[in-house]
Amino acid sequence: MQKYIIMGVQGCGKGTQARLLKESLDLVHISVGDIFRWHIQSHTKLGARIKRTMAEGQLVSDEVVDEVVKQRLDQHDWNYGFILDGFPRNSRQAEFFLESYDIDAVLLIDVPDAVVTERILNRRLCPKCALDYNLIFHRPAVANTCDICGGLLIARSDDTPEAVQARLQDYHTKTQPILELFRRKELVVIVDGTRPADEVQKDLRRLLVEKLETLAS
Ligand code: AMP
């Protein structure tokens, strides 16, 4: 059983790295942001409550987040383990989580703010098949059109310059301090996330093996 948390500023590529890791290690990828986006798209009660907060790039309340994470983990469909993406985002959430679960490693994808800001503002999504694009390094063949299903590409509603700024500030003031907590427990594995996704993944896998060997010895 492997239990990981993946961290880094928004747009650092943690979603992509988590998905690659999930496939190779047969883990369940739990993205709190994806769960929230599903609620908004499906017009649930919760979706209506969090829509505005998310669009402004603000954090959803801890009570709501804790409940969503708890319900997801209570499904117990993670025989080989899980990788948590976008949670915990502050010390209160970290404490809540560590009360019930232990983890094997925290994977930090390190990318400077200026680089992620450019990446995020160029991020596009196909609302029909959910494929991600980036106008810098993964352009669609035909402008604004999904290569796979022909859907019209859109930007996430929280990918505006103001919302990106708010999220970066939240990360530095609220999320970064919990890294200290994990560092003290010697759980953190850091990779340089400015390189192509496959190279970042290779590094991540290598460092994880080293980390697990150290823990076992
Ligand atoms: P993400 O996809 O991780 O960038 O998350 C998108 C948005 O969902 C964030 O900007 C927050 O509004 C909300 N969100 C996701 N995870 C959390 C969390 N752990 N705590 C509070 N809000 C969250």
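Look up: the structure comes first, before these words.
Note that this is a predicted model, so its numbers are computed, not measured.

(A) Representation of the site of the ligand. The full set close to the ligand counts 17 residues, and R37, Q58, V60, G86 and Q93 are the nearest of them. In the environment of the ligand, a nitrogen atom lies 2.8 Å from a nitrogen or oxygen atom belonging to the backbone of G86. Bound to the protein, the ligand loses 97% of the 480 Å² it would expose on its own. Take the shell around the ligand: its biggest share by element is 4 residues, from helix α2 (residues 32–41). Residues that form the shell around the ligand fall into these classes: 7 nonpolar, 5 polar and 5 charged.

(B) How the structure looks around the environment of T194. Along the chain, the position of T194 falls in the loop between β7 (188–192) and α8 (197–216). We classify T194 as partly exposed; its relative accessible area is 40%. A C-alpha to C-alpha distance of 7.9 Å links T194 and V115, two positions 79 residues apart in sequence. Leaving out residues up to four positions away in the same chain, T194 has contacts with D110, V111, P112 and R119.

(C) The arrangement of the sheet that holds β7 in detail. On the basis of which strands lie adjacent, the open sheet formed by 5 strands has the order β2-β3-β1-β4-β7 and parallel pairing. Each edge of the open sheet carries a strand with a single partner, namely β2 (28–31) and β7. Between one strand axis and the next, the sheet turns by 20° as a mean value, whatever way the strands run. Here strand β1 (residues 2–7) runs beside strand β3 (residues 81–85); their pairing, made up of 5 bridges, is parallel. Opposite Q2, over in β3, you have G81 as the bridge partner. Strand contacts of helix α1 (residues 14–25): β1, β2, β3 and β4 (105–110), with the helix running at about 165° to β1, the strand carrying the most contacts. Lying on the sheet, α8 is in contact with β1, β4 and β7; it crosses β7 at an angle near 155°.

(D) View of the packing of helix α4 (residues 62–73) against helix α5 (residues 91–100). Taken N-terminus to C-terminus, the directions of α4 and α5 make an angle of 30°; their axes are 11 Å apart at the nearest point. Viewed along their axes, α4 and α5 adopt a mutual orientation that is roughly parallel. In this structure, α4 crosses over α5, and the sense of that crossing is right-handed. Here α4 contributes D62, V65, D66, K70 and L73 to the contact with α5, which in turn contributes R92, Q93, F96 and F97. Residue composition of the contact of α4 with α5, by class: 4 nonpolar, 1 polar and 4 charged.

(E) Representation of the side chain of D62 within the structure. Relative to the helices and strands, D62 is located in helix α4. An unpaired buried charge is present at D62: no salt bridge exists, and R92, the closest side chain of opposite charge, is 4.4 Å distant. Only 2.9 Å separates the side chain of D62 from the side chain of N90, close enough to count as a polar contact. Residues contacting D62, with those up to four places away along its chain left out, are N90, R92 and Q93.

(F) Structural view of the pairing of β3. For β3, a buried count of 5 out of 5 residues is recorded, marking the element as mostly surrounded by other parts of the structure. Neither face of β3 is open: one carries G81, I83 and D85, the other F82 and L84, and all of them are buried. Alignment of β2 against β3, held across 4 bridges, turns out to be parallel. Residue pairing in the sheet places H29 in a bridge with I83 of β3.

(G) Main features of unusual backbone geometry. Across the junction of F87 and P88, the peptide omega takes the value -5°, indicating a cis bond. Along the polypeptide, P88 turns up in the loop between β3 and α5.

Rules of the game
Residues numbered from 1 in each chain as written. Predicted model: local features only at pLDDT ≥ 70, side-chain atom pairs only at ≥ 80, totals over all residues. Heavy atoms only, no water. Near = heavy atom within 4 Å. Polar contact = N/O pair within 3.5 Å; in protein donor to acceptor, adjacent residues only side chain to side chain. Areas by Shrake-Rupley, 256 points an atom, 1.4 Å probe, with all protein chains shown as cover. Helix = DSSP H or I, 4+ residues; strand = E, 2+ residues; numbered from the N terminus. Nonpolar A, V, L, I, M, F, W, Y, C, P; charged D, E, K, R; others polar. Buried < 20%, exposed > 50% of the residue type's maximum accessible area, 1.4 Å probe, protein only. Contact = heavy atoms within 4.5 Å. Pairing = 2+ DSSP bridges. Axes fitted to C-alpha atoms, helices over the stretch in contact; angles between N-to-C directions. Parallel < 35°, antiparallel > 145°, perpendicular 65-115°, else oblique. Left-handed = near helix turned anticlockwise from the far one by under 90°. Lys, Arg positive; Asp, Glu negative; His and termini not counted. Salt bridge = Lys/Arg side-chain N within 4 Å of Asp/Glu carboxyl O.

As far as function goes, none of this settles anything; it's purely spatial.
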